[in-house]
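# An overview of the molecular structure
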There are 2 protein chains.
Amino acid sequence: MVAERADAARNRRRVLAAAAALFAEHGAANVSMEQIAAEAGVGKATLYRRFPDRAAIAVALLDEHERALQDELISGAPPLGPGAAPAERLAAFYAAMVDLLEQHGHLVLGAEVGHRRFDVGAYQFWRTHVLTLLRDAHVERPEVMVELLLAPVAPEVHRHQREALHHTAERVKAALAELAHRVLDRPETDKGT
Amino acid sequence: MVAERADAARNRRRVLAAAAALFAEHGAANVSMEQIAAEAGVGKATLYRRFPDRAAIAVALLDEHERALQDELISGAPPLGPGAAPAERLAAFYAAMVDLLEQHGHLVLGAEVGHRRFDVGAYQFWRTHVLTLLRDAHVERPEVMVELLLAPVAPEVHRHQREALHHTAERVKAALAELAHRVLDRPETDKGT
DNA sequence: AGTGATATGGACGCACCGTCCGTTTCGCCG
DNA sequence: CGGCGAAACGGACGGTGCGTCCATATCACT
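Rules used throughout
- Residues numbered from 1 in each chain as written.
- Chains lettered and ligands numbered in written order.
- Predicted model: local features only at pLDDT ≥ 70, side-chain atom pairs only at ≥ 80, totals over all residues.
- Heavy atoms only, no water.
- Contact = heavy atoms within 4.5 Å.
- Buried area = accessible area lost by both parts, 1.4 Å probe.
- Salt bridge = Lys/Arg side-chain N within 4 Å of Asp/Glu carboxyl O.
- Polar contact = N/O pair within 3.5 Å; in protein donor to acceptor, adjacent residues only side chain to side chain.
- Helix = DSSP H or I, 4+ residues; strand = E, 2+ residues; numbered from the N terminus.
- Domains from an automatic or database assignment.
- Near = heavy atom within 4 Å.
- Buried < 20%, exposed > 50% of the residue type's maximum accessible area, 1.4 Å probe, protein only.
- Least-squares fit on C-alpha atoms with pLDDT ≥ 70 in both.

Contact with chain A, which involves 37 residues of that partner, is made by 37 residues of chain B. Each partner contributes to the roughly 3300 Å² buried at the junction of chain A and chain B, and carbon and sulfur atoms together form 64% of this total. In terms of surface lost to chain B, no three residues of chain A exceed Arg141, Leu148 and Arg182 of chain A, which account for 20% of the buried area on that side. Of the charged contacts in the structure, one is a salt bridge between Arg171 of chain B and Glu143 of chain A, with a shortest N-O distance of 3.0 Å. Taken together, the links from chain A to chain B amount to 8 residue pairs in polar contact (both at pLDDT 80 or more). Those elements giving two or more residues to the side of chain A that touches chain B turn out to be helix 7 (121-136), helix 8 (142-150), helix 9 (155-164) and helix 10 (169-184) of chain A.

Structure, rendered in structure tokens:
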């Protein structure tokens with residue numbers, strides 16, 4: 001890859017901007033590739049050249065926001081970053097995920113992203129992070145448990161909680177925090193190490 | 001409703017049989033309404049008269065199998081039925097759900113059922129059951145927690161575990177059992193009543 | 001400026017959805 | 001037993017969105 005041609009880069013930016021606007025207005029599920037192409041002022045083939053489907057566009061838009069959280073997890077202050085107890089870090093991660101879903105959930109909800117969410121790079125990152133926490137806490141079968149613990153913050157679940165059940169984000173966070181502590185706190189372990 | 005006309009009943013049976021065969025062969029996601037109608041030997045309008053979409057057909061097919069588990073939860077022997085400790089019952093419920101997904105997961109995976117899974121009657125049933133367990137175990141915010149605890153046995157999650165991660169059903173069951181115990185067992189509570 | 005590689009755009013073919021309406025079948029009633 | 005209104009049927013139809021194809025325009029390097 002010798003460097004992206006100038007017109008290609010310009011069109012990529014246009015597409016992303018158009019998609020962001022349309023997704024925000026109509027919801028990611030109700031926007032067709034044709035609409036995005038028209039709004040961006042590019043042809044459909046141009047769109048398909050860069051992004052194989054809607055999911056890829058949504059992922060590209062999400063990436064930016066997710067990267068911020070990823071940085072925090074790696075090198076931020078506790079309890080999100082390193083230093084706190086695993087249960088605390090998991091609770092903090094859950095809370096951050098809820099915030100992320102509150103802000104940008106509309107990008108993923110309803111689109112095929114839901115089906116492919118396990119494939120996107122971000123999921124692998126969350127997975128690795130929580131896996132580390134589970135290993136730190138000496139949980140058995142961490143590779144399986146990590147999937148179970150990620151499931152409660154799946155976009156569909158969050159949407160269900162917020163829209164159908166009318167739970168507040170705060171209540172959801174509280175329940176997730178309790179879940180984190182119940183799963184990772186070993187009561188017999190001495191707290192003051 | 002004065003009683004279903006004979007031809008209507010016959011066609012309903014045909015449709016369900018055809019759908020079951022096609023879903024089993026090609027997967028629920030890859031079967032169109034047209035295919036089902038053709039296989040059943042009925043017109044498309046006839047199909048739409050009974051079932052608004054693929055999801056409704058899949059739900060109708062699943063219902064039968066789910067009902068068996070529902071009966072067990074209500075009146076079966078412990079630990080699935082009443083009598084055992086909440087953590088035991090939750091673990092047993094998880095195991096039964098895994099069995100259900102192993103057997104009939106292909107009906108729901110990939111179809112729109114995934115999107116609407118919160119709407120189907122069966123979900124409400126699982127929800128009520130687990131909610132009862134949570135109340136018995138004096139968990140806080142049970143209405144929120146129940147959604148979090150149901151998420152790990154969502155069809156997509158299970159498929160991901162089995163197909164992409166190559167975890168065995170047994171490993172998943174074991175992890176779910178551990179999750180159930182970690183969440184619901186109160187270590188300080190006396191085990192002997 | 002010339003030139004080959006790369007990118008563009010919109011038309012095209014395809015598949016499926018969900019509806020519409022003329023025709024057929026049912027089951028009751030005289 | 002035959003007629004009749006209601007209910008069900010079936011396949012054609014219009015519409016939407018997908019993903020591809022290729023003639024044309026644009027770029028970047030010499």
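From this point, the narrative continues.
This part covers the domain arrangement of chain A. According to the domain assignment, chain A consists of domain 1 (1-51) and domain 2 (62-184). Its C-alpha centre places domain 1 of chain A at a distance of 29 Å from the equivalent point of domain 2 of chain A.

Time to look at the protein's contact with DNA strand C. Around DNA strand C, the surrounding shell holds 22 residues, and the nearest of these are Arg5, Asn11, Ala45 and Arg49 of chain A together with Lys44 of chain B. Counting only the atoms of DNA strand C that lie within 4 Å of the protein, the sugar and phosphate share comes to 56%. Between DNA strand C and Met33 of chain B there is a distance of 3.3 Å, counted from a phosphate oxygen to a backbone nitrogen or oxygen. Only helix 1 (6-26) and helix 3 (44-50) of chain A together with helix 1 (6-26), helix 2 (33-40) and helix 3 (44-50) of chain B provide two or more residues apiece to the surface near DNA strand C. Ranked by residues supplied to the surface near DNA strand C, first place goes to helix 3 of chain A with 5 residues.

The subject of this paragraph is the environment of Glu4 of chain A. All names here are of chain A. The topology assignment puts Glu4 in the segment before helix 1. For Glu4, a relative accessible area of 40% corresponds to the partly exposed category. Distance from Glu4 to Leu47, taken between C-alpha atoms, is 15 Å for residues 43 residues apart in sequence. Beyond its immediate sequence surroundings of up to four residues, Glu4 is in contact with Ala9 and Arg12.

Laying chain A over chain B is done by rotating through 180° and shifting 0.1 Å along the axis; what remains is an RMSD of 0.1 Å. What the rotation and shift describe, once combined, is the action of a two-fold rotation axis. In this assembly the copies share their binding face: 100% of the residues contributing to the interface of chain A also contribute to that of chain B.

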